[in-house]
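Chains, contacts and geometry: an overview
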Amino acid sequence: MVNSMSSKSRGVRTAVVAGTAVALMAGLAACQGQSLEDKGGKNNGGGKGEIVVGSAGFTESKVLAEMYSKILNAAGYSARVQTLSNRELYEPALEKGQIDVVPEYASTLAEFLNAKKNGVKAKPVASSDIDKTVAALKKLAGPYGLKVLPSGPATDQNAFAVTKEFAAKHKLKTLSDLGRSGQKITLASGEECETRVFCKPGLESRYGIHIAGLDPKGVGTPQAKQAVKDGTDQMVLTTTTDATLDNFGLVLLQDDKKLQNADNVLPVVNAKSAGDKEIAAALGKLTSTLTTRDLINLNSKVDAQRLKPEDVAQAYLESKGLLKK
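Residues numbered from 1 in each chain as written. Predicted model: local features only at pLDDT ≥ 70, side-chain atom pairs only at ≥ 80, totals over all residues. Heavy atoms only, no water.

The protein has the name Amino acid ABC transporter substrate-binding protein in an unreviewed UniProt entry, where Streptomyces gilvosporeus is given as its organism.

What follows covers the overall build of the protein. On a plain count of helices and strands, the protein comes out with 13 helices and ten strands. Split into buried and exposed, the 325 residues of the protein put 54% on the buried side. When contacts within the protein are restricted to residue pairs at least 6 apart in sequence, those whose partners lie at least 24 apart make up 78%. (Helix = DSSP H or I, 4+ residues; strand = E, 2+ residues; numbered from the N terminus. Buried < 20%, exposed > 50% of the residue type's maximum accessible area, 1.4 Å probe, protein only. Contact = heavy atoms within 4.5 Å.)

Let's shift gears to the state of the cysteines. Applying the stated criterion across every chain, the model contains one disulfide. Disulfide partner of C193: C199, at an S-S distance of 1.8 Å. When the S-S torsion is -85°, as for the bridge of C193 with C199, the disulfide is left-handed. Accessibility expressed as a relative area gives 0% for C193, which makes it buried. (Disulfide = S-S within 2.5 Å.)

This part is about the packing of helix α2 (residues 59–74) against helix α12 (residues 292–303). At a closest axis distance of 9 Å, the pairing of α2 and α12 adopts a crossing angle of 105°. Comparing their axes, α12 and α2 come out roughly perpendicular. When α2 is examined against α12, the residues T59, E60, V63, L64 and M67 are found in contact with a partner set consisting of L295, L298, N299, V302 and D303. (Axes fitted to C-alpha atoms, helices over the stretch in contact; angles between N-to-C directions. Parallel < 35°, antiparallel > 145°, perpendicular 65-115°, else oblique.)

The next point concerns the side chain of T241. Here T241 is to be found in the loop between β8 (235–239) and β9 (250–253). A polar contact is formed between the side chain of T241 and the side chain of E60, at a distance of 3.0 Å. (Polar contact = N/O pair within 3.5 Å; in protein donor to acceptor, adjacent residues only side chain to side chain.)

For Q260, the position within the fold is in the loop between β9 and β10 (265–270). At a separation of 3.4 Å, a polar atom in the side chain of Q260 contacts the side chain of N158. In contact with Q260, other than residues within four places in its own chain, are S128, Q157, N158, F160, F198 and D255.

Remark: α2 packs on helix α11 (residues 277–289), axes separated minimally by 10 Å, with the N-to-C direction vectors making an angle of 130°. Classed by the angle they form, the pair α2 and α11 counts as oblique. The element α2 and its partner α11 pack so that their crossing is right-handed. Judged by residue contacts, M67, Y68, I71 and L72 of α2 engage I279, A282, L283 and L286 from α11. Residues belonging to the contact of α2 with α11 are distributed by class as follows: eight nonpolar, no polar and no charged. (Left-handed = near helix turned anticlockwise from the far one by under 90°. Nonpolar A, V, L, I, M, F, W, Y, C, P; charged D, E, K, R; others polar.)

As summarised here, the arrangement of the five strands in space is β7-β6-β8-β5-β9, forming an open sheet in which the pairing is mixed. The open sheet has two edge strands with one neighbour each: β7 (210–216) and β9. Sheet twist, expressed as the average angle between the axes of neighbouring strands with direction ignored, equals 40°. As paired elements, strand β5 (residues 158–163) and β9 share four bridges and run antiparallel to each other. Within β9, the residue paired with F160 across the bridge is L253. (Pairing = 2+ DSSP bridges.)

Right, dumping it as structure tokens:
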């Protein structure tokens, strides 16, 4: 997800509640397509009226939103996609019913709402256990008028990659393997990796990996991956749906001790405007079908092959029998 770090995974996953009323209105004014204030034709509980699908400004979110929209249109709704730049803008719009549904990530949204309710220093509620994380998310989302639909197997988490040659030389498949190898590692990452529990501290404490230094080239950026490819660094912090790892000869090491939280993809809807069973059933078919490998391929088609998100979404849904050709 090289070009898709803007709202979900830039830096190590953090939930920062930075939206203000002024920022929200500015963001809404800058959105693509119709104004959110122009939304009409809605029936309470969804009916078969208009559904606005929110999308963040990165590739994966755009493709997911297009798939949601197409599936809901096929189910008899009048659905369209509205792009907002980040969670600080689209989450309040979802609460207000200005948008009706968004593709989300379980742990990231759980910690976002946790910080919103309890402050940025609140005790974390997300974990590597997806069931417990979703339960915590539902508890936080309900008072804001949001309904969390079931999650599926597709996930987008922080991940760590090395070159295929480095992995073969030291017989590495997992992060535990790397810790046992005793290799000194320079990690290409964001500066915040120094203190984030899911980055340098966790790699050292949970896996025993010797992090000799950090190279602050960003999370999954081309520069960071090139540094590992060239041998300047030995490992890079990226994400599980990075679509360009093969281009740099990199391979992910398995997080076998579950350092990362369960950031599975799931739909979140406005409970009043889009909380009916028909919407849940329609979106559920996609959620249960979509895999992490699918996300990687979808991102690649947009970021590497330069195809349009709506075309990529259509082709995927048809290939899985979720839409008629």
